[in-house]
Amino acid sequence: NEEITLQSKIIGRPSIQAWDPAFFFPISEAERQAGCIVAMNLHQSQATPVMFEYYYLPNINLPGFIMTPFVNDSIMESLRVNYHVEASGVEQEVSCVLAKAQEAQFLKVSVGSPLVYVWRRYTTNRMGYYFYSVSFCNTQQYSLSSLIV
């Protein structure tokens, strides 16, 4: 397998929202009441978009997150540096979906193109604190193993 280097780009500003009642992982009542910080990230290899992600962070002990500039344009790095939150493990599921308009736009594929769909729950070094992500991967040029590390 060819190893690729991905560049990350935050899309827009994060926002605080209510959790979707049909969220893809069970969340605690404390998480539900705190609300959810939603951020979008695009990963590219040599200017080719290969992965579009939504991050869902419980709005618990992350003061100023939506207003603070990102460290190295990275959500994970920002959590580590600014809030001392580090991912320590991950639970994930993988499926295939057809691209809807927003995913197709960011990944530069046609609506209805097949995408690998990965949803994750990250454990962290902060007891009882989890965060979540959903990734849409365009594997037309790159294998999944080179995108998901």
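Scroll up for the structure.
Residues numbered from 1 in each chain as written. Predicted model: local features only at pLDDT ≥ 70, side-chain atom pairs only at ≥ 80, totals over all residues. Heavy atoms only, no water.

Novice: I keep staring at the environment of Ala87 and nothing clicks. Help me out?
Specialist: Its place among the elements puts Ala87 in strand E4 (residues 87-98). Given the relative accessible area of 38%, Ala87 is considered partly exposed. Each C-alpha atom of the pair Ala87 and Tyr129 lies 9.8 Å from the other, and the pair is 42 residues apart in sequence. (Helix = DSSP H or I, 4+ residues; strand = E, 2+ residues; numbered from the N terminus. Buried < 20%, exposed > 50% of the residue type's maximum accessible area, 1.4 Å probe, protein only.)

Novice: Just to check I follow, could you spell out the environment of Ala47 for this structure?
Specialist: Position of Ala47 relative to the elements: it lies in the loop between strand E2 (36-45) and strand E3 (48-58). Separated by 41 residues in the primary sequence, Ala47 and Leu6 place their C-alpha atoms 9.3 Å from one another.

Novice: So what exactly am I meant to see when it comes to the sheet that holds E2 here?
Specialist: The strands making up a sheet associate through backbone hydrogen bonding, with each pair oriented either parallel or antiparallel. Read across the open sheet, the six strands follow the order E1-E2-E3-E6-E5-E4; overall the sheet is antiparallel. Of all strands in the sheet, those with a lone pairing partner are strand E1 (7-17) and E4, marking the two edges. If you compare each strand with its neighbour and ignore which way they point, the axes differ by 15° on average. Against the sheet, helix H2 (residues 75-83) engages E1, E2, E3, E4, strand E5 (114-124) and strand E6 (130-137), with an angle of about 40° to E3. (Pairing = 2+ DSSP bridges. Axes fitted to C-alpha atoms, helices over the stretch in contact; angles between N-to-C directions. Contact = heavy atoms within 4.5 Å.)

Novice: I tried to follow the side chain of Ser113 on my own but got confused; where do I start?
Specialist: Along the polypeptide, Ser113 turns up in the loop between helix H3 (101-107) and E5. For Ser113, a relative accessible area of 12% puts it in the buried group. Of the polar contacts made by the side chain of Ser113, one reaches the backbone oxygen of Ser110; its length is 2.8 Å. Not counting the four nearest positions on each side in its chain, Ser113 is found in contact with Val97, Leu98 and Ala99. (Polar contact = N/O pair within 3.5 Å; in protein donor to acceptor, adjacent residues only side chain to side chain.)

Novice: Help me understand the pattern of salt bridges in this model?
Specialist: If the charged atoms of two oppositely charged side chains come close together, the side chains can form a pair. On inspection of all chains with the given rule, the structure shows two salt bridges. Of the charged contacts, one joins Glu77 and Arg80 as a salt bridge, the two residues approaching to 2.5 Å between their closest N and O atoms. Separated by three residues within a single helix, Glu77 and Arg80 lie in helix H2, roughly one turn from each other. Exposure remark for Glu77: the relative accessible area of 24% places this residue in the partly exposed category. Here Arg121 and Glu91 are joined by a salt bridge, their closest N and O atoms 3.3 Å apart. Residue Arg121 is located in strand E5, and its partner Glu91 is located in strand E4; the two are separated by 30 residues in the primary sequence. Since its relative accessible area comes to 36%, Glu91 is described here as partly exposed. (Salt bridge = Lys/Arg side-chain N within 4 Å of Asp/Glu carboxyl O.)

Novice: Is there a simple way to explain unusual backbone geometry in this structure?
Specialist: The bulk of non-glycine residues show a negative phi, and the bulk of peptide bonds are trans. The phi dihedral of His84 falls on the positive side, at around 55°, and the residue is not glycine. Its location among the elements puts His84 in the loop between H2 and E4. Positive phi, close to 55°, is recorded for Lys108, a residue that is not glycine. Structurally, Lys108 can be placed in the loop between H3 and E5.

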